[in-house]
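What the coordinates show
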Protein chains: 2
Amino acid sequence: MLTNNKIKLLKSLDQKKVRRELGLFLVEGEKMVKELLESRFEIEEIFALQQYIDELDYKGDVEITAVNQKDLERISMLKTPNKVVAIAKIPQIDDAAKINNGLSIALENVQDPGNLGTIVRTAAWFGIKNVYCSPETVDIYNPKVIQSTMGAIFKVNVQYCDLALLAEKAKKFGVTLYGTRLDGESIYNTDLKKDAIIFMGNESKGMTTKLSQMMSENLKIPSYANADNDMESLNVSIATAIVCAEFRRRN
Amino acid sequence: MLTNNKIKLLKSLDQKKVRRELGLFLVEGEKMVKELLESRFEIEEIFALQQYIDELDYKGDVEITAVNQKDLERISMLKTPNKVVAIAKIPQIDDAAKINNGLSIALENVQDPGNLGTIVRTAAWFGIKNVYCSPETVDIYNPKVIQSTMGAIFKVNVQYCDLALLAEKAKKFGVTLYGTRLDGESIYNTDLKKDAIIFMGNESKGMTTKLSQMMSENLKIPSYANADNDMESLNVSIATAIVCAEFRRRN
């Protein structure tokens, strides 16, 4: 039932602190909840319009509560609520980051929810299973991040860990660390290894010097702007995607 | 002076209709206004904190009005206002789209302000001077679009026009039209011509059939997801960037 306490709980899940304390996060909208239901994520409860429930034809044992349009608007974080809101459980992941073969991404202090969500969506497209984030990176369970992953959150492991420790460990396992810098080596002139982690930095500051110095190589995406037409940088999710595409093209 | 009427005017510039009627748009923040001042765009008036004005050392003849923090907050569209708000003039561009040599981008009904802004920023990075938009594409002078271009709005010509007419005309001039479709030919197996327009469609619907059928080639970016890990699509600004990078790498 949608009690006042439940409404309060749902609304409080826009705060990272509450999400992490309760181990819960929100998933909204038809497409996203469909992906959630098909995923291995545990679901706590679903609130949906009666019409949605009738069409869903769901045989599982998750509690689904019918709500009216007005209540849906009260519990939704979206400007235009879309039929259904689910409470899902944050999966337990070991604090110690596992090093994986193949290609992974590591994000240092990425702040914008849309950027993180888009990077995870891009990772899924390129079959990248692991995205490591520094603790200061925006929370993957932030509702805006969840929505902008377009369901990729259920397909990619996103893990928060100390990136310097991750880098040290990865090097020992023979994984090559690629940073990105405006004064780096052109990605088109660099040997791109198969077992690799692509590191990307904060939107305005880039990577910290400490982490940057740990990289095996620092790459850049060449700019084709004229001198009078100079652009300082690419958006971080754009740069990540171009680098991922080039790794996949060659490996 | 910052009169009440001026405040009303500033606030009304978040509406496309008002912007187009008055031929004015807002530019906010230190970095963006710096780019505006260095551009060929005409400026109507600037409102800024006294400290900003003192540090600016500006010798031009644009009227700069000192405002206090409270007034700045009243006129700003940003959550965290950043020292300065400028009113700039929308440049007059012929309705008939000119066909250009080299690489251009055309956007059909892209709706998200962040996507359009990011695409224009990416275009500037890759030295792409012209972005054509269908009339239903989000307005480039929307404050959110302006901010997410990170200044690229002053370096790239963005023009609204009938894309079907543009496509017809471009073909006559020997420009190759590249669409993007999930069932297209891999971009890595396709000949990419130097004089080309890259067409991208709406976030959820892609390109209209009408326009899609006019393309010389339809490209896809190969996915590397597993069957059990299937992703439906990439974000439109991400796809645009990967395609632009590949054109530049080869031409």
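Here the structure is shown first, and the text comes after it.
Residues numbered from 1 in each chain as written. Chains lettered and ligands numbered in written order. Predicted model: local features only at pLDDT ≥ 70, side-chain atom pairs only at ≥ 80, totals over all residues. Heavy atoms only, no water.

On to the overall build of chain A. Within chain A one finds 10 helices and 10 strands. Along the three orthogonal principal directions, the C-alpha set of chain A runs to about 60 × 45 × 30 Å. Going through the 251 residues of chain A one by one, you find that 55% of them count as buried. Long-range contacts, defined as pairs at least 24 residues apart, comprise 76% of the intrachain contacts of chain A with a sequence gap of at least 6. Surface accessibility of chain A: about 11,900 Å² in total, with carbon and sulfur atoms responsible for 46%. Charge centroids of chain A, computed over 33 positive and 34 negative side chains, lie 2 Å from each other. (Helix = DSSP H or I, 4+ residues; strand = E, 2+ residues; numbered from the N terminus. Buried < 20%, exposed > 50% of the residue type's maximum accessible area, 1.4 Å probe, protein only. Contact = heavy atoms within 4.5 Å. Areas by Shrake-Rupley, 256 points an atom, 1.4 Å probe, with all protein chains shown as cover. Lys, Arg positive; Asp, Glu negative; His and termini not counted. Charge placed at Lys NZ, Arg CZ, Asp CG, Glu CD.)

So, about helix 3 (residues 30-38) of chain B. Within an α-helix, residues lying three or four positions from one another point in the same direction, as the helix has 3.6 residues per turn. Residues and elements named next belong to chain B. Restricting attention to buried positions, one finds in helix 3 the residues Met32, Val33, Glu35 and Leu36. Taken around the axis of helix 3, the buried residues stretch over an arc of 155°, which confines them to a single face. Structural note: helix 3 exposes Lys34 and Glu38 on the side pointing more than 90 degrees away from its buried face. Looking at the buried residues of helix 3, the elements they touch are strand 1 (24-28), strand 2 (43-48), helix 4 (50-56), strand 4 (84-89) and helix 7 (143-149). (Arc of directions from axis to C-beta.)

To continue, consider the relation of the copies chain A and chain B. For the pair chain A and chain B, the superposition axis carries a translation of 0.0 Å, the fit reaches an RMSD of 0.0 Å, and the rotation angle comes to 180°. Overall, the copies show the geometry of a two-fold rotation axis. (Least-squares fit on C-alpha atoms with pLDDT ≥ 70 in both.)

Facing 39 residues of chain A, the contacting portion of chain B comprises 39 residues. If you look at where chain A meets chain B, you find 0 salt bridges. For the pair chain A and chain B, the interface holds 14 residue pairs in polar contact (both at pLDDT 80 or more). For the side of chain A that touches chain B, the secondary-structure elements that each account for two or more residues are helix 3 (30-38), helix 6 (113-125), helix 7 (143-149) and helix 10 (236-250) of chain A. No other element matches helix 10 of chain A, which puts 8 residues into the side of chain A that touches chain B. (Salt bridge = Lys/Arg side-chain N within 4 Å of Asp/Glu carboxyl O. Polar contact = N/O pair within 3.5 Å; in protein donor to acceptor, adjacent residues only side chain to side chain.)

Before going further, it helps to spend a moment on the sheet that holds strand 3 (residues 64-66) of chain A. All names here are of chain A. Taken together, the 4 strands give an open sheet; going across it, the order is 1-4-2-3, and neighbouring strands pair in mixed fashion. Edge positions in the open sheet fall to strand 1 (24-28) and strand 3, since each of these has one partner strand only. Looking at each pair of strands side by side, their axes are set apart by 20° on average, direction ignored. As paired strands, strand 2 (residues 43-48) and strand 4 (residues 84-89) are joined by 5 bridges and run antiparallel to one another. Residue pairing for strand 4: Phe47 is matched across the bridge by Val85. (Pairing = 2+ DSSP bridges. Axes fitted to C-alpha atoms, helices over the stretch in contact; angles between N-to-C directions.)

Distances and angles like these do not, on their own, reveal function.
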